[in-house]
Amino acid sequence: MDIKKLQTLVVDALEDVKGQEIQLFDTTHLTSLFDRVLVASGTSNRQTKALAASVRDKVKENGGTVVSVEGETTGEWVLVDLGDMVVHIMQPAIRAYYRLEELWGDKPIKLGAEKRTAKRTAPEAPSADTEKPKRAPRKTTGKAAPLEVTHDMMAIQTTLDDEKKPARKPRTTKTVDGDAKPARKPAARKAADGSAVKPAKIPTGGRVKVAATKTAVASAKQAAAKRPARKKVAE
């Protein structure tokens, strides 16, 4: 198995069981027995055993070789030998006492960089976002709307304003009985040539002469006939 893939598997297995203070070192310049040394911490005997078991199972599932596992009886310091890589899982007090970082830690390896390298080698499946073409954003300009649209909007607004105005009530005139009747406009007279004649204006503030009716003239004649004839006084 490739060393980069192996160390990525080990780090993932330790993080699955909440391993603490994981540090990875390159030891190719120090010894020919192995290429990597990893040191991690477990808070209790149970956790150190669980961390070792997680590393062992993860490597076997991916086709790796596990040479041996030592220290599972006590759980204070568990060593997992993977051939090209040695994993030390220790409790904090044991780790502070032996200080393996000072012995193998000349060339530390950043775990984030190793994970990114492993992700680049793996084939990426096309996602739904990449398959769908993105729509180009609409370009907006600072120009005003066309003049024709503005006129239409003004016409619509004028119509709405007219509809809101209340309709005017027709003028009414009161009769003798007190009933209200709508006032009638005088019909326009027409002359002999067919042209319209304007009604005469009635002067305000003066008397208006009204022609006597036939009934009034007849009654006046009867009253005059019944009166006795006056004698002429001699001069």
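Residues numbered from 1 in each chain as written. Predicted model: local features only at pLDDT ≥ 70, side-chain atom pairs only at ≥ 80, totals over all residues. Heavy atoms only, no water.

Draft legend 1. Structural view of the overall build of the protein. Across its full length, the protein carries eight helices and 10 strands. Within the protein, buried positions represent 22% of all 235 residues. The contacts of the protein with a sequence gap of at least 6 include a subset with a gap of at least 24, amounting to 54%. Accessible surface, the protein: about 19,800 Å² in total, of which carbon and sulfur atoms supply 54%. (Helix = DSSP H or I, 4+ residues; strand = E, 2+ residues; numbered from the N terminus. Buried < 20%, exposed > 50% of the residue type's maximum accessible area, 1.4 Å probe, protein only. Contact = heavy atoms within 4.5 Å. Areas by Shrake-Rupley, 256 points an atom, 1.4 Å probe, with all protein chains shown as cover.)

Draft legend 2. Spotlight on the side chain of Ser 41. Topologically, Ser 41 is positioned in strand E2 (residues 36-41). Aside from chain neighbours lying at most four places away, what touches Ser 41 is Gly 19, Gln 20, Glu 21, Leu 51, Met 90 and Arg 95.

Draft legend 3. Just the pairing of strand E4 (residues 77-81), in detail. In E4, alternate side chains face the same way, and those of Val 78 and Val 80 are buried while those of Trp 77, Leu 79 and Asp 81 on the opposite face are not. As defined by bridge partners, strand E3 (residues 68-70) adjoins E4 across three bridges and the pair is classed as antiparallel. Across the sheet, the residue bridging to Val 69 is Val 80, located in E4. Sheet topology places E4 next to strand E5 (residues 85-90); five bridges connect them, and they run antiparallel. Looking across to E5, one finds that Val 80 is bridged to Val 87. (Pairing = 2+ DSSP bridges.)

Draft legend 4. Quick look at the pairing of E2. Along E2, six of the six residues are buried, which leaves the element largely enclosed by surrounding structure. Burial along E2 is two-sided: Arg 36, Leu 38 and Ala 40 facing one way and Val 37, Val 39 and Ser 41 facing the other are all buried. Sheet analysis places strand E1 (residues 20-26) next to E2, joined by five bridges and oriented antiparallel. Bridging across to E2, Gln 23 finds its partner in Val 39. Bridging between E2 and E5 involves six bridges; their strand directions are parallel. In the strand pairing of E5, Arg 36 is matched with Met 85.

Draft legend 5. Quick look at the nonpolar core. Judged by nonpolar contacts, the single largest core of 23 residues is most densely connected at Val 10, Leu 14, Leu 38, Val 55, Leu 82, Met 85 and Val 87. Of all the elements in the fold, those that place two or more residues in this core are helix H1 (3-16), E1, E2, helix H2 (45-61), E4 and E5. Here this core takes six residues from H1, the largest share from any one element. (Core = buried A, V, L, I, M, F, W, Y, C linked by side-chain atoms within 4.5 Å.)

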